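# Architecture and fold: a report
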Protein chains: 2
Amino acid sequence: MQNAPPQAAPPQDARPTAFTFRVDAADGHARTGAITMPRGTIRTPAFMPVGTAATVKAMYPEQVRDLGADVVLGNTYHLMLRPGPERMARLGGLHRFMLWDGPILTDSGGFQVMSLSSLRKLDEQGVTFRSHVDGTAHHMSPERSIEIQGLLGSDIQMQLDECVRLPAEPEAIARAMQLSRRWAERCRVAFGEQPGKALFGIVQGGDVPALRVESARALVDLDLKGYAIGGLAVGEPQAVMLAMIEAVEPHLPRAKPRYLMGVGTPDDLLRSVERGIDMFDCVMPTRAGRHGLAYTRHGRVNLRNARHAEDARPLDPSSACPASRDYSRAYLHHLVRSDEILGMMLLTWSNLAYYQELMAGMRAAIRAGRLADFAGETRETWARAEAERTARG
Amino acid sequence: MQNAPPQAAPPQDARPTAFTFRVDAADGHARTGAITMPRGTIRTPAFMPVGTAATVKAMYPEQVRDLGADVVLGNTYHLMLRPGPERMARLGGLHRFMLWDGPILTDSGGFQVMSLSSLRKLDEQGVTFRSHVDGTAHHMSPERSIEIQGLLGSDIQMQLDECVRLPAEPEAIARAMQLSRRWAERCRVAFGEQPGKALFGIVQGGDVPALRVESARALVDLDLKGYAIGGLAVGEPQAVMLAMIEAVEPHLPRAKPRYLMGVGTPDDLLRSVERGIDMFDCVMPTRAGRHGLAYTRHGRVNLRNARHAEDARPLDPSSACPASRDYSRAYLHHLVRSDEILGMMLLTWSNLAYYQELMAGMRAAIRAGRLADFAGETRETWARAEAERTARG
């Protein structure tokens, strides 16, 4: 089904029964289109807000939807520890739990097992670890990861992989890539046939182009519904990340969505879409919003800075988001300095609004065949605002 | 102007220029009516959400308005320290700062100087103290308190008073009451004539009825626009608080609003309205909401409790508030246990919704002459739910 040719959007009353991806327009390597599936349509390129523990932090689900987010991400590691996958299933699944009826993508849990848990032991079978919440012991195999994602009710599920922090020795990178490849095969068997849902493979290979290509080719042989590029944005320079995308992209099928995991800054998004990426997730807009940092059409604004204390201007008077348009920087500064929850709420809202606005801008530009112009104008606006801020001290 | 007889509500296009209070209906000692002033109408009995530092914590101002709150409270102590009254005035005042265009009542700052600051020195002139934020030294006199409340742009201003914690010696209570009385006179002079705004006096006298009556009589002689009862809900039993209201009420003019400061639980509100109180403020619904505690039509629910972990029911399916009606207790439990901001947002929202619903219920009941029935039904519903919870363990 995922190999069907691009098709027109189904009529409103006919809910699609299968996961499909279509490309509507391309501009260089960039493309715009849509994933359709029973729970809804994801316009691509898409930014997926991160809903770690069944909540996009400091946001009502209704607001996330209203900003134009078509899909949110849930973290399997967090949800398996609390409230637990079996409990979540008894409660009707993650969608009903968090009142999000659109598509949900879940990661495999592997990345956060590595970064958050203690006493990890990894072997061919999987990984054993202790919960960072209560110290309980858990085992995660490729099969259990898929089982958990199924219990959560995830629409787009990710294979279990091993992600190596960079810099690392090529031998360690190769070993983790080969293990991830074998785990992809086991996840594919465990996932089976689920026409309305999707299992994505994850290209590993660190900063070694040859390993990246080998990983991509092996995954494409498994004929999965989508392909992610993992193990980036883990400390390497942007240039390395972009080089890895460029190495992998020619080996990924044009008819399948491509997802760059855990990326990134607005500039990362622009440059990655230009290189053919269709999907992103990142905690940056939500985390930054909780720490007084705004991403705007005019670049990054640190509201903690004393220069904003009497600035009556909003973050962006032309924004459609009330948080960016209606509240003064002086007020946001006050809320941030006073550790007020409303400060986190407003800046998270404003940041997610800007991220969605940027994605919508890219989709329209690709459709109009002017992505390069759009990217240039966007970067120029950031740079001009940055220069003004520097000049003012 | 504040002595004008009760009048009909002005037409929508004619903004009132004066502060007026009218009683539309009475039921026993309870009454319902409205305060009208240039910034809007306050339906009484009214509960005022507390917006300590220019924000009702974890709420967008639009939500507070939509719940039916006609007025919010701002804390002079917090706002004088951050962002500072002169800065607030340069930014256009508190209303513009926090995007609240309805009436705002500010306290005098005195209560929180006593409870939050360090190195206090109190004499006839006022109180000298150090900020709990940055240790800077400040002086607050009755005149400076009124000046600050004016700079904030407050619509209903409170006299500076000295509030004694109970239990206390009658001599200490009498001394503080007399000082508060003299400060009321100085505040009245400092406030001058401001037809669209109001200065309220504060009845003190601790738990000594004779001192309460003396305080009330002295303040009534000053012909202020409203009278508060202060120094209660500071640790004394509810019966003492109610006895003090009963002692004071006959001495307060029927044509002026009566405001019970810092109160209280839903049951406190019911019993105080039955005794003739028109206005309340309390941090309880907002603070409880940040600590996992819900106030509902069916009593208090502690969402932290493990019994809610798989409870798919919402807090109150009949509520008009999405937070009470749409989210499961299991989800709220998960958010509270995970220290998620959304948990605080939803429970604060739900609690304020219930408080406003309770006030609206009391206003309608007074109008219908059935407040006693309403109070009885309300308490019975709380008690029945409490008994069920106890039975279930």
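Residues numbered from 1 in each chain as written. Chains lettered and ligands numbered in written order. Predicted model: local features only at pLDDT ≥ 70, side-chain atom pairs only at ≥ 80, totals over all residues. Heavy atoms only, no water.

## Quick word on the overall build of chain A
- The helix and strand inventory of chain A stands at 15 helices and 16 strands.
- Taking 21 Å as the expected radius of gyration for a compact globule of 393 residues, we find that chain A reaches 21 Å, a close match to that expectation.
- Across its three principal axes, chain A shows a C-alpha extent of roughly 60 × 50 × 50 Å.
- Out of the 393 residues in chain A, the part that is buried amounts to 59%.
- Considering only contacts within chain A whose residues lie at least 6 apart along the sequence, 65% involve residues at least 24 apart.
- Here chain A holds 47 positive side-chain charges and 45 negative ones, and the gap between their average locations is 3 Å. (Helix = DSSP H or I, 4+ residues; strand = E, 2+ residues; numbered from the N terminus. Rg over C-alpha atoms; globule rule 2.2 N^0.38 Å. Buried < 20%, exposed > 50% of the residue type's maximum accessible area, 1.4 Å probe, protein only. Contact = heavy atoms within 4.5 Å. Lys, Arg positive; Asp, Glu negative; His and termini not counted. Charge placed at Lys NZ, Arg CZ, Asp CG, Glu CD.)

## Overview of the relation of the copies chain B and chain A
- Expressed as a screw operation, the relation of chain B to chain A combines 0.0 Å of axial shift with a rotation of 180°, fitting to an RMSD of 0.0 Å. A rotation of that kind, with that shift, is consistent with a two-fold axis. Among all C-alpha atoms of chain B, that of I341 of chain B lies closest to the rotation axis, at 3.8 Å.
- Looking at chain B, 100% of its interface residues are interface residues in chain A too, so the copies touch through the same face. (Least-squares fit on C-alpha atoms with pLDDT ≥ 70 in both.)

## Observations regarding the pattern of salt bridges
- Counted according to the given criterion, the structure contains 56 salt bridges over all chains.
- Put simply, R65 of chain A and D101 of chain A hold a salt bridge, and the shortest N to O gap is 3.1 Å. Taken together, the positions of R65 of chain A in helix α1 (residues 61-66) and D101 of chain A in the loop between α4 (94-98) and β6 (104-106) put the pair 36 residues apart, joining distant regions of the chain.
- Look at R65 of chain A and you get partly exposed, because its relative accessible area is 27%.
- Ionic pairing is found between R144 of chain B and E86 of chain B, a salt bridge with its closest N-O pair at 3.1 Å. Residue R144 of chain B is located in helix α6 (residues 142-152), and its partner E86 of chain B is located in helix α3 (residues 85-90); the two are separated by 58 residues in the primary sequence.
- Note on E86 of chain B: relative accessible area 36%, which makes it partly exposed. (Salt bridge = Lys/Arg side-chain N within 4 Å of Asp/Glu carboxyl O.)

## What about the packing of helix α6 (residues 142-152) of chain A against helix α7 (residues 170-191) of chain A?
All names here are of chain A.
- With their axes 8 Å apart at the nearest point, α6 and α7 run at an angle of 45° to one another. One element, α6, and the other, α7, form an angle in the oblique class. Two packed elements cross with a definite hand, and for α6 against α7 that hand is right-handed. Seen from α6, the contacting residues are P142, E143 and I146; seen from α7, they are W183, R186, C187, A190 and F191.
- Per-class residue counts for the contact of α6 with α7 are 6 nonpolar, no polar and 2 charged. (Axes fitted to C-alpha atoms, helices over the stretch in contact; angles between N-to-C directions. Parallel < 35°, antiparallel > 145°, perpendicular 65-115°, else oblique. Left-handed = near helix turned anticlockwise from the far one by under 90°. Nonpolar A, V, L, I, M, F, W, Y, C, P; charged D, E, K, R; others polar.)

## Concerning the layout of surface pockets
All names here are of chain B.
- As a volume, the largest pocket reaches approximately 1100 Å³.
- Contributing to the lining of the largest pocket are 50 residues, with N75, F111, Q112, V283 and R287 lying nearest its centre.
- Of all the elements in the fold, those that place two or more residues in the lining of the largest pocket are α2 (76-81), α5 (110-116), β14 (279-282) and α11 (284-290).
- In terms of residue class, the lining of the largest pocket is made up of 21 nonpolar, 18 polar and 11 charged. (1 Å grid on protein atoms, 1.4 Å probe; cavity = no way out; pocket = protein on both sides within 12 Å on 5 of 7 lines; lining within 4 Å. Points joined across faces, edges and corners; volume = space filled by probe spheres on them.)

## Considerations on the UniProt feature "domain: tRNA-guanine(15) transglycosylase-like" (unreviewed entry) in chain A
- Mapped onto this numbering, the UniProt entry gives "domain: tRNA-guanine(15) transglycosylase-like" (unreviewed entry) at residues 29-382 of chain A.
- The span residues 29-382 of chain A carries 44% helix and 18% strand; its end-to-end C-alpha distance comes to 24 Å. (UniProt positions renumbered as here; feature names shortened; annotations may be inferred.)

## Let's talk about the environment of L335 of chain B
- With respect to the secondary-structure elements, L335 of chain B resides in helix α13 (residues 329-337).
- Relative accessible area serves as the criterion here: at 0%, L335 of chain B is assigned to the buried category.

## Examining the domain arrangement of chain A
Residue and element names in this part refer to chain A.
- Each assigned domain of chain A is listed with its residue range as follows: domain 1 (20-282) and domain 2 (290-392).
- Contacts between the two partners involve 30 residues from domain 1, matched on the other side by 27 residues from domain 2.
- Each partner contributes to the roughly 2500 Å² buried at the junction of domain 1 and domain 2, and carbon and sulfur atoms together form 72% of this total.
- Contact with domain 2 buries area across many residues of domain 1, yet L67, P266 and L270 alone supply 26% of it, more than any other trio. (Domains from an automatic or database assignment. Buried area = accessible area lost by both parts, 1.4 Å probe.)

## As for the sheet that holds strand β2 (residues 30-37) of chain A
Residues and elements named next belong to chain A.
- Read from one edge to the other, the open sheet built from 3 strands follows the order β1-β2-β3, with strand pairing classed as antiparallel. The sheet is open, and its two edges are formed by β1 (20-27) and β3 (40-44), each paired on a single side. Ignoring which end each strand starts from, the neighbouring axes of this sheet average 15° apart.
- Taken together, the 5 bridges between β2 and β3 define a ladder with antiparallel strand orientation. Counterpart to I35 in the pairing with β3 is I42. (Pairing = 2+ DSSP bridges.)

## Focus on the sheet that holds strand β7 (residues 118-123) of chain A
Residue and element names in this part refer to chain A.
- Spatially, the 3 strands line up as an open sheet ordered β7-β8-β9, and their pairing is antiparallel. One side of each edge strand has no neighbouring strand; the edge strands of this open sheet are β7 and β9 (137-140). Pairs of neighbouring strands in the sheet enclose a mean axial angle of 15°, with direction left out of account.

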